[in-house]
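One letter stands for each residue in the lines below.
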Amino acid sequence: MHPRDVTRGLARASAGKPSGRRRLPEHPEQDRHDYRRATRPRIAYLDGQRLRRALLAGIEHVSRQRAELDRINVFPVPDGDTGTNLALTLTSVAEALHPVDSRSVSEVAGVAAEASVMGARGNSGMLISNFLLVFARSLGRRIRAGTSEIAEALTAAAASLHQVLESPREGTIITVAREMAAEANRRARLRPDLYPWLRDVQACAWRSLRRTRELLPALREAGVVDAGAKGFVALFDGVLHYVEGRAEAPLDAPRPTAGPALPSLYVAREAGVGADEGRYCTQVAVRAPELHADSEIRAVLAGLGTSTIILRAGALAKVHIHANDPERVVMALAGLGEIVSERVEDTMLVGAGRHVAVITDSSADLPHDWVERHGVSVVPLQVIVGDETYRDGVDLDADKLLEILTAPGAPPLKTSLPSPSAFESRCREALARGGEGLLGVFVSSVLSGTYSSGVAAIRRFEGVPAEAVDSRSASLGVGLLIARAVELLDDGMELAEVAGELRRICHRSNVFLAVDTLEYVLRSGRVGRAKAWVGGLLGYKPILTIGDDGRIVPAAKVRGREALAPRVLSLLDAALAGANRYRLGVAHFAAPDVARQLVAEIEARYTPVEILSGPTTAALAVHMGPGAWTVAYQVED
């Protein structure tokens with residue numbers, strides 16, 4: 001969140017600036033009357049921009065409590081990931097909200113809801129997503145909303161949580177949301193001013209949260225409140241902090257800390273609770289022109305698992321279920337429509353976080369699902385289109401970039417490295433998930449200043465072991481190093497040993513880059529001593545690679561597009577001669593058919609440990625141009 005959005009609270013956007021402040025009590029329901037006398041911002045309504053800024057503040061507040069929410073997670077499964085799932089779900093919402101400039105409260109709520117559906121992770125993330133969906137629908141097409149309209153939407157959203165769960169349990173988020181909404185309705189009749197109304201509602205939420213410990217035996221036994229409910233309350237806490245102008249510093253502020261989570265009122269959780277749930281947390285998105293009713297979807301899944309939640313957005317349904325046989329779940333849902341995405345997590349791996357956090361930049365070209373599955377932190381480069389700046393892979397992907405490049409009168413494009421604070425933010429989040437060290441693997445330092453920015457960031461965390469590896473490569477040449485690092489770390493290898501191994505194999509690894517047009521390569525200025533060679537090809541298609549110094553250099557040239565793939569495969573044959581263990585990768589920009597054929601040929605021709613493939617990131621596509629593709633190899637024996 002931009003610092004300006006944090007410091008300029010809803011109170012300052014409305015008439016009447018508070019004349020004084022005093023220290024807030026530890027919980028919002030204490031000394032409410034005294035505080036209200038001292039600080040009285042007046043807020044008559046909520047519009048789109050106010051909702052956007054408030055949600056961003058709330059999301060940031062939840063993200064800062066991720067580690068604590070993971071720690072107290074005991075129900076329905078003690079898998080220690082409630083905070084992580086909530087934070088990742090809400091991060092998708094934040095990324096969608098950042099560019100929104102609408103004044104309509106309904107439109108902003110709709111953007112948040114749609115983003116939450118595709119980004120929903122875990123039981124808690126699915127419930128928050130459903131809450132946002134119904135909240136947005138209940139607002140109708142309003143430009144502004146007062147306390148009464150917001151209270152009605154909160155009531156509908158809270159009721160939906162009880163309806164969406166197959167076996168709802170009191171003492172969870174459904175209890176807190178329902179009691180909070182009831183208080184919102186009672187107070188709306190008395191308080192048209194949003195600020196005191198919100199404080200009263202939030203005080204009720206805290207009282208309800210404390211009661212969860214008494215309502216669920218699993219929580220009472222562990223001595224904790226419900227983690228999902230606490231995350232829900234934390235979202236509204238962040239909104240209230242923002243209204244009062246005391247929101248925390250933004251997540252990308254350069255204040256690295258690596259200590260343990262803040263002290264909590266709750267004791268550590270105990271393992272073993274919720275063992276009757278299905279072992280695998282399975283999340284599947286299915287799309288069909290005429291999607292089946294929820295009851296029919298539940299009937300298809302009958303007997304396959306527990307904790308079933310279904311979210312719907314038009315022709316898309318996202319299903320969450322705890323199952324012992326995830327493949328049967330996917331097969332069952334495949335009979336209803338097209339499987340858009342699937343994710344399976346083993347809930348028995350309680351607290352099995354990697355001892356070293358892995359950080360890279362978006363130029364690594366790692367597939368999104370692979371990144372999520374292996375918990376790698378990716379910091380986006382920036383793509384500058386005219387006067388607009390986009391975050392690579394967040395605000396701009398290769399498909400959207402292709403539209404921009406092929407549009408008449410396309411503006412000039414260039415790329416920029418992430419700031420050290422962006423790296424620090426991801427490092428801080430990774431450490432909060434339990435990492436004890438940092439490993440950064442970045443694009444060649446000769447091609448980009450990204451390496452220097454990443455190194456500066458990870459070394460600012462005092463007392464945290466850190467290693468930075470210059471890949472001397474780009475695209476999946478970086479991505480394959482990350483894949484090897486994850487494998488070694490998961491096998492228990494220490495940080496320094498992993499870094500040493502990556503530096504060894506990066507000298508036995510490379511990429512072959514085939515471009516369909518010379519325009520973008522020449523414009524990029526990154527071809528080094530290959531520039532004159534490329535410029536004089538006169539109808540030939542160039543194949544480029546990375547030299548020993550980390551710069552782009554010529555590898556070969558062929559006449560005609562059809563000759564590119566055979567020539568690259570012959571170069572790959574020579575590179576892999578005598579190798580027993582190696583990884584391969586294929587990335588492309590607007591060349592999916594070529595990429596599919598290459599992967600099929602590679603699978604038939606070689607026996608790699610792993611093949612990574614997918615579209616290239618926008619930051620690399622800018623310099624490659626449409627129709628370009630890369631083949632990366634990494635020899636590990």
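Here the structure is a predicted model, which is why all the values come from computation and not from measurement.

1. Quick word on the overall build of the protein chain
Now for step 1: When its secondary structure is counted, the protein chain shows 26 helices and 17 strands.
Now for step 2: Burial statistics for the protein chain: of 637 residues in total, 57% are counted as buried.
Now for step 3: Considering only contacts in the protein chain between residues 6 or more positions apart, those separated by 24 or more positions represent 76%.
Now for step 4: With an accessible surface of roughly 26,300 Å², the protein chain has 50% of that area assigned to carbon and sulfur atoms.

2. Some thoughts on the sheet that holds strand β6 (residues 377–379)
Now for step 1: Overall, parallel pairing links the four strands, which are arranged β6-β5-β10-β11 in an open sheet. Every interior strand has two partners, whereas the edge strands, β6 and β11 (466–470), have only one. Taken over all neighbouring pairs, the strand axes of this sheet differ in orientation by 20° on average, direction set aside.
Now for step 2: Lying over the sheet, helix α19 (residues 450–458) contacts β5 (356–361), β10 (437–442) and β11, oriented at roughly 175° with respect to β11.
Now for step 3: Along the sheet, helix α21 (residues 495–505) contacts β5, β10 and β11; its crossing angle with β11, the most-contacted strand, is approximately 5°.

3. What about the packing of helix α20 (residues 476–490) against α21?
Now for step 1: Contact geometry of α20 with α21 gives a least axis separation of 10 Å together with a crossing angle of 145°. Handedness of the crossing formed by α20 with α21: right-handed. Contacts between α20 and α21 involve Leu-481, Arg-484, Ala-485, Leu-488 and Leu-489 from the first element and Val-498, Glu-501, Leu-502 and Ile-505 from the second.
Now for step 2: Looking at the contact of α20 with α21 residue by residue, the classes come out as seven nonpolar, no polar and two charged.

4. Regarding the pattern of salt bridges
A side chain of one charge can pair with a side chain of the opposite charge when the charged atoms of the two come close.
Now for step 1: Tallying each qualifying case throughout the model produces 27 salt bridges.
Now for step 2: A salt bridge links Arg-178 to Glu-170; the nearest nitrogen and oxygen atoms lie 3.0 Å apart.
Now for step 3: Its relative accessible area of 37% is what places Arg-178 among the partly exposed residues.
Now for step 4: Where Arg-186 meets Glu-183, a salt bridge forms, and the shortest distance between an N and an O atom there is 2.6 Å. With Arg-186 and Glu-183 both in helix α10 (residues 173–188) and three residues apart, this pair spans about one turn of that helix.
Now for step 5: Accessibility expressed as a relative area gives 43% for Arg-186, which makes it partly exposed.
Now for step 6: Through salt bridges with shared partners, one network takes in Arg-484, Glu-487, Arg-581, Arg-583, Glu-610 and Glu-636.

5. Quick word on the packing of helix α4 (residues 48–64) against helix α7 (residues 105–119)
Now for step 1: Running from N to C, α4 and α7 cross one another at 35°; their axes reach a closest spacing of 7 Å. Like other packed secondary-structure pairs, α4 and α7 cross with a definite hand, here right-handed. Here Gly-48, Leu-51, Arg-52 and Leu-55 of α4 come into contact with α7, specifically with Val-105, Val-108, Ala-109 and Ala-112.
Now for step 2: By residue class, the composition of the contact of α4 with α7 is six nonpolar, one polar and one charged.

6. Overview of the packing of aromatic side chains
Aromatic ring pairs are reported here in terms of the distance separating the ring centres and the angle at which the planes meet.
Now for step 1: For the coordinates displayed, the defined rule picks out five aromatic pairs.
Now for step 2: Taking the centre distance of 5.4 Å and the plane angle of 75° together, the rings of Phe-423 and Phe-442 count as edge-to-face. With Phe-423 in helix α18 (residues 420–432) and Phe-442 in strand β10, the pair connects residues that are 19 residues apart, well separated along the chain.
Now for step 3: Here a set of aromatic residues connected by ring pairs shows up, and it is made of Phe-131, Phe-232 and Phe-236.
Now for step 4: A cation sits over an aromatic face here: Arg-50 above Tyr-45, 4.5 Å from the ring centre.
Now for step 5: Stacked on the ring of Tyr-45, the Lys or Arg Arg-144 has its end atom at 3.9 Å from the ring centre.

7. Quick word on unusual backbone geometry
Now for step 1: In this model, Asp-365 sits at a positive phi of 60°, which is unusual for a non-glycine residue.
Now for step 2: Here Asp-365 lies in the loop between β5 and α16 (368–374).
Now for step 3: For Asp-365, a relative accessible area of 3% puts it in the buried group.
Now for step 4: Positive phi values are uncommon outside glycine, yet Ala-590 reaches one of about 60°.
Now for step 5: With respect to the helices and strands, the residue Ala-590 is situated in the loop between β15 (582–588) and α25 (592–605).

8. Focus: the sheet that holds strand β14 (residues 552–559)
Now for step 1: Across the sheet, six strands lie side by side as β14-β13-β12-β17-β15-β16; this open sheet has mixed pairing. Two strands in the sheet have a free side with no partner beyond their single neighbour: β14 and β16 (611–615). When strand polarity is set aside, the average angle formed by the axes of neighbouring strands in this sheet is 15°.
Now for step 2: With respect to the sheet, helix α24 (residues 564–575) is in contact with β12 (509–514), β13 (540–546), β14, β15 and β17 (629–635), its orientation differing from that of β17 by roughly 10°.

9. Overview of α7
Now for step 1: Between the first and last C-alpha of α7 there are 21 Å, a value that for 15 residues agrees with the 21 Å anticipated at 1.5 Å per step.
Now for step 2: All of the buried residues along α7 are Val-105, Ser-106, Val-108, Ala-109, Ala-112, Ala-113, Ala-115, Ser-116, Val-117 and Gly-119.

10. So, the confidence of the model for the protein chain
Parts of the prediction with low pLDDT should not have their coordinates interpreted in detail.
Now for step 1: Mean pLDDT over the protein chain works out to 79, with 81% of the residues at or above the 70 mark.
Now for step 2: Predicted confidence is poor over residues 1–41, with pLDDT under 50, and the contacts of this stretch with residues over four places away or in other chains come to 83 contacts.
Now for step 3: Below a pLDDT of 50 lies the segment residues 248–276, which in the model reaches 81 contacts outside its immediate sequence neighbourhood of four places, other chains included.

11. Side note on the environment of Gly-625
Now for step 1: For Gly-625, the location among the structural elements is in the loop between α26 (618–624) and β17.
Now for step 2: Along the sequence, Gly-625 and Val-515 sit 110 residues apart, while their C-alpha atoms lie 7.1 Å from each other.
Now for step 3: Excluding its chain neighbours within four sequence positions, the residues that come into contact with Gly-625 are Tyr-520 and Phe-589.

So, how was this worked out
- All residue numbers here refer to positions counted from 1 along the written sequence of the relevant chain.
- Since the coordinates come from a predicted model, pLDDT governs what is reported: local features require at least 70, and pairs of side-chain atoms require 80 or more to be given and counted, while whole-chain, interface and lining totals use all residues.
- Computation of side-chain values: all heavy atoms of the structure, hydrogens and water removed.
- Strands here mean DSSP runs of E at least two residues long; helices mean DSSP runs of H or I at least four residues long; both are numbered from the N terminus.
- The buried label goes to any residue with under 20% of its type's maximum accessible area, the exposed label to any with over 50%, and the partly exposed label to all in between, with areas taken from a 1.4 Å probe on protein chains only.
- A contact between two residues is defined here by any heavy atoms of the two lying within 4.5 Å.
- Per-residue accessibility takes into account occlusion by the displayed protein chains alone, with areas from the Shrake-Rupley method and a 1.4 Å probe.
- When DSSP finds at least two bridges between two strands, those strands are taken to pair.
- Every angle, taken between N-to-C directions, lies between 0 and 180 degrees, and every axis is a line fitted to C-alpha atoms, over only the stretch in contact when it is a helix.
- Should the near helix be turned anticlockwise from the far one by less than a right angle, the crossing is termed left-handed; should it be turned clockwise, right-handed.
- Note on residue categories: nonpolar means Ala, Val, Leu, Ile, Met, Phe, Trp, Tyr, Cys or Pro, charged means Asp, Glu, Lys or Arg, and polar means any other residue, Gly included.
- Each salt bridge in this description consists of a side-chain nitrogen of Lys or Arg and a carboxyl oxygen of Asp or Glu lying within 4 Å of one another.
- Here a Phe, Tyr or Trp ring, Trp counted by its six-membered ring, pairs with any other such ring whose centre lies within 6.5 Å, and the pair is stacked when the planes are under 30 degrees apart, edge-to-face when over 60, and tilted otherwise.
- Charges are assigned to positions over rings by a cutoff of 6 Å between ring centre and Lys NZ or Arg CZ, combined with an angular limit of 35 degrees from the ring normal.
- Helix span, as expected, comes to 1.5 Å for every residue beyond the first.
- Per-residue confidence from the predictor is reported as pLDDT, a score between 0 and 100.

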